[in-house]
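Report on the structure
Below, each chain spelled out in residue letters.
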Amino acid sequence: MLLTVVVPVYAVEGYLYQCLESIRAGLTAEESASVEVIAVDDASPDGCGEMLDGYAARHGDLRVVHLSHNVGLGLARNAGLAEARGEYVWFVDSDDWLPAGSVRAVLQQLRTGPDLLLIDHLRVQENGRLERDASSGALKDPSLASLIKLQHTAWNRIVRRGLLEELNLRFLPGWYEDVPFSNPVLIAADRVAVLDRVCYHYRVGRLGAITATRSERHFEAFEQYDRMLAWTAERDLEPWLRHALFTLMVNHLLVVLGNDGRVHPRQRRAFFKRLAAHYRRYLPADYPGHPGIKHKLVQARSYAAYATMRQAYRVVKRNPEPSPAVQPVLASAPQPAQTVTIR
């Protein structure tokens, strides 16, 4: 068994079949035999549990794990990982899907034996619009300095399962569970391969998705960064890498803060205060600074100036010029795969 695909499932009735069908689509019998799919029903409140059982009964190539109570995305992934038999594991979210040829391309590259395989993706808006992610350009330069800038999610990296055992690395509870997983696994991997090919369609803005839900739970991002930076503090990382991780943390928390769909306006000041505290706590002694004005305002702990700048920016963006769309046919078409081992 070369690859285990773990699919955590919660309240995604309208997307589940598309996700499951996309995993084995186009595979030969031999290729399909080297892949197992484990779906974890995280006590879904809708009909997803029954849908999974029915799919498994019809197709016979899906293993279903039913959890007795809801544990959240990270711990549901752990439950699937505990049942995995593949040499590699790929965590695929159940409201997303894989474009044609993705698993075949991934299998080909996994046979070269990397610790970690990084893939490209497209963002899919609710209206079907396909867009490239701003971080995808990092794949063009197969160096750690570039790849650390890639969107830090679990689903864009396929990991050798033995590496997770060696690191004793699992997902932790809470929202933003990818933070203390994705960067550590990249830093710890000795052999990192890059597949510069769109192998994942990431659905954004879905009603009910964490990134589209206003909640106090977005404050849990701070705890996840505490966990990630505690992991890195135990290792002898080069100064530039510590600087990069600090910058990524500040950038990410600024994105969360600035998103109306996540942080309620009444909680924005408190979030900014926590961000400023994290800035002071984790600022590397030899950090060269960041040219961004938002970074400077966080460093100065000036929420009033940040709020004024944010409001002015929103006024300017009320009538933005339309950006060109990525044509779906071109975006989904198989692209030449290029794999580079960087270490």
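The rules we used
- Residues numbered from 1 in each chain as written.
- Predicted model: local features only at pLDDT ≥ 70, side-chain atom pairs only at ≥ 80, totals over all residues.
- Heavy atoms only, no water.
- Helix = DSSP H or I, 4+ residues; strand = E, 2+ residues; numbered from the N terminus.
- Rg over C-alpha atoms; globule rule 2.2 N^0.38 Å.
- Buried < 20%, exposed > 50% of the residue type's maximum accessible area, 1.4 Å probe, protein only.
- Contact = heavy atoms within 4.5 Å.
- Areas by Shrake-Rupley, 256 points an atom, 1.4 Å probe, with all protein chains shown as cover.
- Lys, Arg positive; Asp, Glu negative; His and termini not counted.
- Charge placed at Lys NZ, Arg CZ, Asp CG, Glu CD.
- Expected span 1.5 Å × (residues − 1).
- Arc of directions from axis to C-beta.
- Phe/Tyr/Trp six-rings, centres within 6.5 Å; stacked < 30°, edge-to-face > 60°.
- Lys NZ or Arg CZ within 6 Å of the ring centre and 35° of its normal.
- Salt bridge = Lys/Arg side-chain N within 4 Å of Asp/Glu carboxyl O.
- Pairing = 2+ DSSP bridges.
- Axes fitted to C-alpha atoms, helices over the stretch in contact; angles between N-to-C directions.
- Parallel < 35°, antiparallel > 145°, perpendicular 65-115°, else oblique.
- Nonpolar A, V, L, I, M, F, W, Y, C, P; charged D, E, K, R; others polar.
- UniProt positions renumbered as here; feature names shortened; annotations may be inferred.
- Polar contact = N/O pair within 3.5 Å; in protein donor to acceptor, adjacent residues only side chain to side chain.

1. Quick notes on the overall build of the protein chain
Across its full length, the protein chain carries 14 helices and 8 strands. Taken over the C-alpha trace, the protein chain has a radius of gyration of 20 Å; the compact-globule value for 343 residues is 20 Å, and the two agree within 12%. For the C-alpha atoms alone, the extent of the protein chain along its principal axes is close to 60 × 45 × 40 Å. Looking at the protein chain as a whole, 52% of its 343 residues qualify as buried. In the protein chain, of all internal contacts separated by at least 6 residues, the share reaching a separation of at least 24 is 79%. Accessible area of the protein chain: about 15,600 Å², with a carbon and sulfur share of 53%. Here the protein chain carries 41 positive and 38 negative side-chain charges, and the mean point of each set is 8 Å from the other.

2. Focus: helix α11 (residues 268-282)
An α-helix turns once per 3.6 residues; consequently, residues spaced three or four apart project the same way. With 15 residues, α11 ought to run about 21 Å at 1.5 Å a step, and its terminal C-alpha atoms sit 21 Å apart, in line with that. Among the residues making up α11, those that are buried are Arg 268, Phe 271, Phe 272, Leu 275, Ala 276, His 278, Tyr 279 and Tyr 282. The buried side chains of α11 occupy one side of the element, clustering within an arc of 160° when seen end-on. In this structure, α11 carries Arg 269, Lys 273 and Arg 281 as exposed residues pointing more than 90 degrees from its buried face. As for α11, its buried residues are in contact with α9 (220-233), α10 (239-258), α12 (293-300) and α13 (303-316).

3. A closer look at the packing of aromatic side chains
Inspection of the entire model under this criterion finds 14 aromatic pairs. Between the aromatic rings of Trp 155 and Tyr 200, the centroid separation amounts to 4.5 Å while the plane-to-plane angle is 5°, which identifies the pairing as stacked. Of the two residues, Trp 155 is situated in the loop between α6 (144-147) and β7 (157-160) and Tyr 200 in strand β8 (residues 192-203); the sequence distance between them amounts to 45 residues. Accessibility classification places Trp 155 together with Tyr 200 in one group, the buried group. Through pairs of rings, three or more aromatic residues link up here, namely Phe 91, Phe 171 and Phe 181. Across the ring face of Phe 171, the terminal group of Arg 77 is positioned such that the distance to the ring centre comes to 4.9 Å. One cation-aromatic arrangement involves Arg 235 over Trp 231; the distance from NZ or CZ to the ring centre is 3.8 Å.

4. Notes on the pattern of salt bridges
Going through the model one piece at a time under the given rule, you end up with 20 salt bridges. Salt bridges sharing common partners tie together Glu 36, Arg 63, Glu 83 and Arg 85.

5. A word on the pairing of strand β1 (residues 3-9)
Burial analysis of β1 places 7 of its 7 residues in the buried class, the great majority of the element. Going residue by residue along β1, you find Leu 3, Val 5, Val 7 and Val 9 tucked away on one face and Thr 4, Val 6 and Pro 8 tucked away on the opposite face as well. Examined bridge by bridge, β1 and strand β4 (residues 88-91) share 4 bridges and lie parallel to one another. In the sheet register, Val 6 faces β4, and the bridge partner there is Phe 91.

6. Remarks on the packing of α9 against α10
How two helices sit against one another is set out by the angle between their axes and by the gap between those axes. The interhelical angle for the contact between α9 and α10, taken along N-to-C directions, is 175°, at an axis separation of 12 Å. Judged on the interaxial angle alone, α10 and α9 are roughly antiparallel. Packed against α9, whose contacting residues are Ala 221, Phe 222, Tyr 225, Met 228, Leu 229, Thr 232 and Ala 233, the element α10 presents Arg 242, Leu 245, Leu 248, Met 249, His 252 and Leu 253 at the interface. Here the contact of α9 with α10 is composed, by residue class, of 10 nonpolar, 2 polar and 1 charged.

7. Concerning the UniProt feature "domain: Glycosyltransferase 2-like" (unreviewed entry) in the protein chain
According to UniProt, the "domain: Glycosyltransferase 2-like" (unreviewed entry) feature falls on residues 4-132. Summarising residues 4-132: 35% helix, 26% strand, and an end-to-end C-alpha distance of 26 Å.

8. What to know about the side chain of Ser 146
Structurally, Ser 146 is set in helix α6. Judged by relative accessible area, which is 9%, Ser 146 ranks as buried. Of the polar contacts made by the side chain of Ser 146, one reaches the backbone oxygen of Ala 138; its length is 2.7 Å. The contacts of Ser 146, once residues within four sequence positions are left out, are Ala 138 and Asp 141.

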